[in-house]
Amino acid sequence: MLAIESSCDETAASVVKNGREVLSNVIYSQIALHTSYGGVVPEIASRKHIEKINQVIQEALDQAGTALKDLTAIAVTYGPGLVGALLVGVSTAKALSLATGIPLVGVHHISGHVSANYIEYKELEPPFLCLVASGGHSHLLMVKDYGEYEVIGMTRDDAAGEAFDKVARAIGLGYPGGPKIDAIARQGRADAILFPRAKVAENEYDFSFSGLKSAVLNYLNSCRLKGEEFSQADVAASFQKAVVDVLVERSMHAAESTGCRKFALAGGVASNSSLREAFEQECGRRGIRFYRPSPGLCTDNAAMIGAAGYYEYRRGVRHGFDLNAVPDLKL
Ligand code: KG4
Ligand code: ZN
């Protein structure tokens, strides 16, 4: 299966065999292009996808030692994401499918993130719990079957990755914030500043990160007003600890109340070293099997879309040429 991903700022293509074996995984990252703007500029992302996508797909086919005619299906992310960026992948996949007669399978981006775990763990099968934490999403899911999800909890406002990016910008670390906070936090004290761990009254499994973000901004402002220096490392470590605590607490609560003994991480934030350690420890303490994709499979890539696409294909999912980009596609 050829898989294509272009929902945000990575132009990616991959060839995946039987959903679990990655024959190639090519990613053209646009990060350098967007850094000077402090975040992803949708119009620039779309234009770069158009420039790069054919080359990335050809590289993926070459590295896998395969050609279009050998493919069983073409999988593509059709939402959620930036509409202009998604359209490039969707249009390319439709064109390839039309030209070759190879079936087209549209894939949900979050289902892709979850499915990165199938690549890493050949034995993993649903049901299991999965926390998907990325730049655009924070979802606590029960994976009932391949491609079948029940949303147990989600963020009420900012996604976890978005909070990382905004706080990184506020303390002068730049974009993308997650990896930079992860790195500098190692030199800071996580108990230096007590930031809030918000609970959401209506749903005990939901998250909210906008209050935490405001608390960090207030802390920085009060330092400035007092003419005091703040420690980037201490703010990063204390903020990161607050995010990790909340994600671990809600997740373990869900594991205990559902009785599910398998827990997986997914999404860009899942590559955070402190988050991985905390989950490993907490799952270990409770005898819950813990799964997490390697960092390169946590952030956006097309191999995960190939894994999810394979199970969609097996379920009989085929899309027509009316497949469109759906920026707010629901799970
Ligand atoms: O999954 P992803 O590549 O794209 C989306 O679907 O959103 O996630 C990107 C997000 C960004 O917000 C980035 O700052 C965050 O994941 N991220 C991290 C780390 N690496 C990436 N956050 C915390 N720690 C990291 N090491
Ligand atoms: Zn993503």
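Treat the numbers as computed from the prediction; the structure is a model and nothing was measured. (Residues numbered from 1 in each chain as written. Chains lettered and ligands numbered in written order. Predicted model: local features only at pLDDT ≥ 70, side-chain atom pairs only at ≥ 80, totals over all residues. Heavy atoms only, no water.)

**Remarks on the coordination of the zinc ion (ligand 2)**
Argument step 1. Here the zinc ion (ligand 2) is held by the protein donor atoms His-109 (NE2), His-113 (NE2) and Asp-300 (OD), which lie 2.0 to 2.1 Å from it.
Argument step 2. Bound by four donor atoms, the zinc ion (ligand 2) shows angles of 95 to 131° at the metal and therefore tetrahedral coordination geometry.
Argument step 3. Of note, the donors binding the zinc ion (ligand 2) are all from one chain and are spaced H-x3-H-x186-D. Placement of the pair is His-109 and His-113 together in helix α4 (residues 109–120), with a separation of four residues, close to one helical turn. Like His-113, His-109 is buried. (Donors = N, O, S within 2.8 Å, 3.2 Å for Na, K, Ca; no water. Tetrahedral: all angles 85-135°; square planar, octahedral: opposite > 155°, others 65-115°. Helix = DSSP H or I, 4+ residues; strand = E, 2+ residues; numbered from the N terminus. Buried < 20%, exposed > 50% of the residue type's maximum accessible area, 1.4 Å probe, protein only.)

**Quick notes on the layout of surface pockets**
Argument step 1. Considered as a void within the structure, the largest pocket measures approximately 970 Å³ in volume.
Argument step 2. For the largest pocket, the lining is made up of 38 residues, of which Ser-134, Gly-135, Gly-136, Asp-165 and Tyr-175 are closest to its centre.
Argument step 3. Looking at the lining of the largest pocket, the elements with two or more residues in it are α4, α5 (160–170) and α6 (177–185).
Argument step 4. If you tally residues by element for the lining of the largest pocket, the top one is α5, at six residues. (1 Å grid on protein atoms, 1.4 Å probe; cavity = no way out; pocket = protein on both sides within 12 Å on 5 of 7 lines; lining within 4 Å. Points joined across faces, edges and corners; volume = space filled by probe spheres on them.)

**Quick word on the sheet that holds strand β4 (residues 74–79)**
Argument step 1. Here five strands make up an open sheet; going across it, the order is β3-β2-β1-β4-β5 and the pairing mixed. The open sheet is flanked by β3 (21–29) and β5 (104–108), the only strands paired with a single partner. Each strand of the sheet is rotated relative to its neighbour by a mean of 20°, with strand direction disregarded.
Argument step 2. Relative to β5, β4 runs parallel, the two being bridged by five bridges. When the sheet's bridge partners are listed, Val-76 is paired in β5 with Gly-106. (Pairing = 2+ DSSP bridges. Axes fitted to C-alpha atoms, helices over the stretch in contact; angles between N-to-C directions.)

**Structural notes on the sheet that holds strand β7 (residues 138–145)**
Argument step 1. Spatially, five strands are ordered β8-β7-β6-β9-β10 in an open sheet, and the strand pairing comes out mixed. Of all strands in the sheet, those with a lone pairing partner are β8 (148–154) and β10 (289–291), marking the two edges. With strand direction ignored, the average angle separating the axes of adjacent strands in the sheet is 25°.
Argument step 2. Across six bridges, the pairing between strand β6 (residues 128–133) and β7 is antiparallel. Within β7, the residue paired with Cys-130 across the bridge is Leu-141.

**Focus on unusual backbone geometry**
Argument step 1. Looking along the chain, the bond that leaves Pro-126 and enters Pro-127 is cis, with omega of 5°.
Argument step 2. In the segment running from Tyr-175 into Pro-176, the intervening peptide bond is cis, with an omega of -5°.
Argument step 3. You can see Pro-176 is positioned in the loop between α5 and α6.
Argument step 4. Residue Asn-18 is not a glycine yet carries a positive backbone phi of 50°.
Argument step 5. Structurally, Asn-18 is set in the loop between β2 (10–17) and β3.

**A word on the pattern of salt bridges**
Argument step 1. Within this structure, the stated rule accounts for 20 salt bridges.
Argument step 2. The partner of Lys-69 in a salt bridge is Asp-70, and the shortest N-O contact between them spans 3.3 Å.
Argument step 3. Look at Lys-69 and you get exposed, because its relative accessible area is 72%.
Argument step 4. For Arg-315, the salt bridge identified is with Glu-312, shortest N-O distance 3.4 Å.
Argument step 5. For Arg-315, a relative accessible area of 44% corresponds to the partly exposed category.
Argument step 6. Each of Asp-158, Glu-162, Lys-166 and Lys-213 takes part in one network of salt bridges that share partners. (Salt bridge = Lys/Arg side-chain N within 4 Å of Asp/Glu carboxyl O.)

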